[in-house]
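Residue-level structural notes
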Amino acid sequence: MKKFIKTCKFIGVLSITSLAFIACQNDYNSLESDIEGIENFDTNSDKFAVVAYNKRVKPVQTNNFPSNFLGIYNDPIYGNTTNEIITQVVPTSTNFDPDFGTDPEFTHAYLTIPYYSKQKDSNGNELEYDLDSLYGNTPIKLSIYRSNYFLRDYNPATESAGQQLYYSNNNEFGTPSNLGELLYYNPTFKASASEQIIEEENEDGILEEVGRIAPALRVPLLNPEISTDVYFWETLLFDKQGMPELSNANNFKDYFRGLYFKVELADGEMKGQAFMLNFLSSAASLTVYYNNWVDGEIVRNNKFTMNFRGNRASTITLDPIATSLLDNANNSADTTNGDTSLYLKGGEGSIAVVNLFQDQAELDEFNLLYKDANGKPSRLINEANLIFYVDDVASSLLIDDDDANKKQQPNRVILYDIKNNTPIVDYFYDLTTVTTNPIDSKLNFSSILERDGDGKGVKYKIRLTEHLNNILLRDSTNFQLGLYITSNINEISNSYVLNDGILDGIPVGTGLSPKGTILYGSNENVPEDKRVQLEIYYTQPDN
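None of the values given here were measured: they were computed from a predicted structure.

Further remarks concern helix α6 (residues 360–370). What α6 keeps buried is the set Glu362, Leu363, Glu365, Phe366 and Tyr370. When α6 is viewed along its axis, its buried side chains cluster within an angular range of 155 degrees and face the same direction. For α6, exposure combined with an orientation more than 90 degrees from the buried face picks out Gln360, Ala361 and Leu368.

Next up on the list: the sheet that holds strand β19 (residues 285–294). As summarised here, the arrangement of the 5 strands in space is β5-β20-β19-β6-β14, forming an open sheet in which the pairing is antiparallel. Lying at the two open borders of the sheet, with one neighbouring strand each, are β5 (90–91) and β14 (216–221).

Here we take up a nonpolar patch on the surface. Together, Leu182, Tyr185 and Leu222 give the surface a local cluster of nonpolar side chains, amounting to about 260 Å² of exposed area. Tracing the chain through its elements places Leu222 in the loop between β14 and β15 (225–227). By relative accessible area, which is 44% here, Leu222 ends up partly exposed.

Together, Glu199, Glu203, Asp204 and Glu208 line one region of the surface with negative charge. Among the structural elements, Glu203 can be located in the loop between β12 (196–201) and β13 (207–213).

On to the nonpolar core. Grouped together as the largest cluster of nonpolar side chains are 51 residues, with contacts concentrated most on Leu356, Phe366, Leu386, Leu468, Leu483, Leu534 and Ile536. Counting residues in each nonpolar core, the second largest holds 43 residues, with Phe100, Ile144, Leu221 and Phe238 among its members.

On to the packing of α6 against helix α9 (residues 465–473). At a closest axis distance of 10 Å, the pairing of α6 and α9 adopts a crossing angle of 90 degrees. One element, α6, and the other, α9, form an angle in the roughly perpendicular class. Each of Leu363, Phe366, Asn367 and Tyr370 in α6 lies in contact with α9, whose residues at this interface are Leu468, Ile471 and Leu472. Of the residues that constitute the contact of α6 with α9, the class distribution is 6 nonpolar, 1 polar and no charged.

With that out of the way, let us pick up the side chain of Asn278. As for its placement among the helices and strands, Asn278 is situated in the loop between β18 (274–277) and β19. Under the relative-accessibility criterion, Asn278 is labelled buried at 17%. Among residues more than four places away in sequence, those in contact with Asn278 are Ile113, Pro114, Tyr116 and Ala284.

Of all 8 residues making up strand β3 (residues 68–75), 7 are buried, and the element is well covered by its neighbours. With 4 bridges connecting them, β3 and β18 associate as antiparallel partners. Counted as the bridge partner of Gly71 is Ala274 from β18. Bridging between β3 and strand β4 (residues 79–87) involves 5 bridges; their strand directions are antiparallel. Opposite Asp75, over in β4, you have Gly79 as the bridge partner. Hairpin geometry of β3 and β4 is characterised by an intervening segment of 3 residues between the two adjacent antiparallel strands.

Criteria and cut-off values
Residues numbered from 1 in each chain as written. Predicted model: local features only at pLDDT ≥ 70, side-chain atom pairs only at ≥ 80, totals over all residues. Heavy atoms only, no water. Buried < 20%, exposed > 50% of the residue type's maximum accessible area, 1.4 Å probe, protein only. Helix = DSSP H or I, 4+ residues; strand = E, 2+ residues; numbered from the N terminus. Arc of directions from axis to C-beta. Pairing = 2+ DSSP bridges. Patch = residues over 30% accessible without salt bridge, like charges linked within 9 Å, V, L, I, M, F, W, Y side chains within 5 Å. Areas by Shrake-Rupley, 256 points an atom, 1.4 Å probe, with all protein chains shown as cover. Salt bridge = Lys/Arg side-chain N within 4 Å of Asp/Glu carboxyl O. Lys, Arg positive; Asp, Glu negative; His and termini not counted. Charge placed at Lys NZ, Arg CZ, Asp CG, Glu CD. Core = buried A, V, L, I, M, F, W, Y, C linked by side-chain atoms within 4.5 Å. Axes fitted to C-alpha atoms, helices over the stretch in contact; angles between N-to-C directions. Parallel < 35°, antiparallel > 145°, perpendicular 65-115°, else oblique. Contact = heavy atoms within 4.5 Å. Nonpolar A, V, L, I, M, F, W, Y, C, P; charged D, E, K, R; others polar.

This is the structure we're talking about:
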């Protein structure tokens, strides 16, 4: 049976000027010259079957993420995904070889890492914000430890001493032997959208407000007693004045190896909260406050400031339910006919492999229809799309009447050339890049999830017009494609995948996303009106 379906023929009249413009845009110069002077054209559409099936994503590189999720993300299908973070801490440039002065006395230490937020209004003297990338409203158990694990810059096991890669399954970060002193603990932590108040001591030693910053994870750190009357921060800093440990960044990173952020479900809870942290913000810091003495007078609010410009990595732990579901989908994937349901999940999750013209006969048929006997294009491809419908049966939990569940459906997907680990060419043809609000970026290439009147997801549309033109006109290889969830369609730098002979990497935007969904696949058991198909709209002379 042919896997080609011809539908929706209608007649249109196009001006030669308009057609010439489109032809130039798509390198159809030969077609333009052949049909010059003809005013009537048929505008038709074709549908070709594709094969789409599930593929598991193995552990993914996380030490190149621009931001990091922390917390427990709950998905109604895939359960809880736990994100923990390890990060180096480095003194700012003015804090190497510090002079702590006479009789330095520790007063307090604060950790500040901004959330992603937008100012929405002001309420009297207070500004109000909305938090981006915040999921869930259930408290979590948050612990912050000194880390004993050294994050290397380079991998000594490689011949060229290439970059050291750290992957999402590196549970060694959080083993007891790699956790030092406990510096913060909150059994019921929740991210707040409120302004954070900065306080310093006044001349009487009383804390008073000196400023405010946008919402952040801003917490006071403990000063644990290491031994009798010997305390953490004094030992870490003041006792090392004039020594090599505080003289440069490399020495300091080996001496104080950073922080580990550990999260757990709060007692009695089945869900949690996850949020994105901006470690690279200029406001992100670990600041140790101390007083000292000058000419017999106390000097307050001296600061030793550190930032997070060193190495940083995340661990991603899936719920056993998700692991079983995604592994089963991968192991039972029908690579010949495609799967009935496509399980997509970001991070160490799952993608869909998409094969166009899987059989050579199908590719030959496509070439026969769109080229003449001399190899010249006989049809002008105006637009080509892949439509992926949300599987409203398999994902009924995800698209129920719970508004929170509806909001968790990922808004964007991206189509990649798996072989070359890059978006298909249509991504680069789309000039609608929006850096300030990525949800509105590249909308010609990949539409935002279309939703019905109740807010439930219906379908995604991916445009691959130029990708097909490359196959048809430029003899480009018909490589396997991959459909990925993405948290930021602008983030296409590569995160490597561990020990996978087919999938070398995924885009950072996919690695960062905790979200998941289920789409209809290409198997013949899928209703035809929901089945993944390649739709081509074309124009040809009405001979």
